[in-house]
Amino acid sequence: MTVLAKALVAMLLLGALVAGIPVLGYVVALGMIEGRPTPVHADAGPALSCRNQIVLRMRVLDAFRIRESATGRFTLVPGHEEAAWVARRHLLQLPRTGMLRWHFQSAALHVWIVRHWTPQQITDTARLGGACRAPGSPH
């Protein structure tokens, strides 16, 4: 094998390793979670976000599907804050773990919920679980 071929193989292996680390982390963190939350099906309310989801203006967040509202602020796509709330609530019912492990599990479960539930299921589960607040009420 020539030096160029060895360099190309090494670069391909390095690229596969770098691309595979997030997937491996997701699979491992999701595997450490006991059970999964189940969605609630309710026909009450719109299939939109039930929280005021204002995020600070940071261009880095554009990669995370954040859109600018009419007020010039950035808001999360409906359902993401509720999915994080559902994931956090599910993990709080499990035995305590270390902080780093808990954060990885929370991120993995959030991704799993967003990928496997509809926005209506996410919002209904959060709304009926107590995540929603009335407009103008304190956090």
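A.B. asks: Hey, could you run me through the overall build of the chain in this one?
C.D. replies: In terms of regular secondary structure, the chain is built from four helices and three strands. Helices and strands in the chain line up, N terminus first, as α-β-β-β-α-α-α. The contacts in the chain between residues at least 6 apart in sequence include a share of 68% that link residues at least 24 apart. Summing over all exposed atoms, the chain offers an accessible surface of approximately 9500 Å²; the carbon and sulfur share of this is 67%.

A.B. asks: Any chance you could explain the side chain of T125 here in plain terms?
C.D. replies: Along the chain, the position of T125 falls in helix α4 (residues 119–129). A distance of 2.8 Å separates a polar atom in the side chain of T125 from the backbone nitrogen of V40. Setting aside chain neighbours within four positions, we find T125 in contact with T38, P39, V40, W85, V86 and W117.

A.B. asks: What exactly am I supposed to notice about the packing of helix α2 (residues 80–92) against α4 here?
C.D. replies: Axes are the key here: two packed helices are described by the angle between their axes and the distance separating the axes. The geometry of α2 relative to α4 is characterised by a closest axis approach of 9 Å and an angle of 55° between their N-to-C directions. Classified by the angle between their axes, α2 and α4 sit oblique to one another. Taken as a pair, α2 and α4 cross one another with a handedness that is left-handed. On the side of α2, the interface is formed by E82, A83, W85, V86 and R89, while α4 contributes I122, T125, A126 and G129. Grouping the constituent residues of the contact of α2 with α4 by class yields five nonpolar, two polar and two charged.

A.B. asks: When you look at the side chain of D124 in this model, what are you seeing that I'm missing?
C.D. replies: In this structure, D124 sits in helix α4. The exposure class of D124 is buried, given its relative accessible area of 2%. Within the local environment of D124, its side chain forms a polar contact with the side chain of Q120, the two groups lying 2.8 Å apart. A distance of 3.2 Å separates the side chain of D124 from the side chain of R127, its partner in a polar contact.

A.B. asks: It is not clear to me how the nonpolar core should be interpreted in this structure. Could you clarify?
C.D. replies: Most often, soluble globular proteins have nonpolar side chains that are buried together. Grouped together as the largest cluster of nonpolar side chains are 17 residues, with contacts concentrated most on L30, I33, V86, L109, W112, I113 and W117. Ranked by the residues each element gives to this core, the list is headed by α2, at five residues.

A.B. asks: I tried to follow a nonpolar patch on the surface on my own but got confused; where do I start?
C.D. replies: On the surface, a nonpolar cluster with roughly 520 Å² of combined accessible area is contributed by M11, L14, L17, V18 and I21. Within the fold, L14 resides in helix α1 (residues 3–31).

A.B. asks: What should I look at first to understand the pattern of salt bridges in this one?
C.D. replies: Two side chains bearing opposite charge may form a pair once their charged atoms approach each other closely. Enumeration according to the criterion identifies one salt bridge in this entry. D124 is the salt-bridge partner of R127, the closest N and O atoms lying 3.2 Å from each other. Note that R127 and D124 are positioned in helix α4 at a spacing of three residues, about one turn of the helix.

Definitions and cut-offs
- Each chain has its residues counted from 1, following the order in which its sequence is written.
- Where local features are concerned, this predicted model is filtered to residues with pLDDT of at least 70; where side-chain atom pairs are given and counted, the filter is 80 or more; whole-chain, interface and lining totals use all residues.
- Side-chain numbers come from the whole structure's heavy atoms, not from hydrogens or water.
- A run of DSSP states H or I qualifies as a helix once it reaches four residues; a run of E qualifies as a strand once it reaches two. Both are numbered from the N-terminal end.
- Any two residues having at least one pair of non-hydrogen atoms within 4.5 Å are treated as being in contact.
- Calculation of accessible area relied on Shrake-Rupley with a 1.4 Å probe; when residues are assessed, cover is drawn exclusively from the protein chains displayed.
- Each polar contact in these results corresponds to two N or O atoms within 3.5 Å; when the atoms are within protein, one needs to be able to donate a hydrogen and the other to accept it, and residues that are neighboring in sequence are counted only if both atoms are side-chain atoms.
- Each axis is a line fitted through C-alpha atoms, and for a helix only the stretch in contact is used; angles between axes span 0 to 180 degrees, taken between their N-to-C directions.
- Note that the term roughly parallel is reserved for angles under 35 degrees, roughly antiparallel for angles over 145, roughly perpendicular for angles of 65 to 115, and oblique for everything else.
- Put simply, a crossing is left-handed when the front helix is turned counterclockwise from the back one by less than a right angle, and right-handed when it is turned clockwise.
- In this count, Pro and Cys sit with the nonpolar residues alongside Ala, Val, Leu, Ile, Met, Phe, Trp and Tyr, while Asp, Glu, Lys and Arg are called charged and the others, Gly among them, polar.
- We call a residue buried when its accessible area falls under 20% of the maximum for its residue type, exposed when it is over 50%, and partly exposed in between, using a 1.4 Å probe and counting protein chains only.
- We call a set of buried Ala, Val, Leu, Ile, Met, Phe, Trp, Tyr and Cys residues a nonpolar core when their side-chain atoms join them within 4.5 Å.
- Residues enter a patch when their relative accessible area is above 30% and they make no salt bridge; the linking distance is 9 Å between like charges and 5 Å between nonpolar side chains (Val, Leu, Ile, Met, Phe, Trp, Tyr).
- The working definition used for a salt bridge is a side-chain nitrogen of Lys or Arg within 4 Å of a carboxyl oxygen of Asp or Glu.

That's the geometry; what it means functionally is another story.
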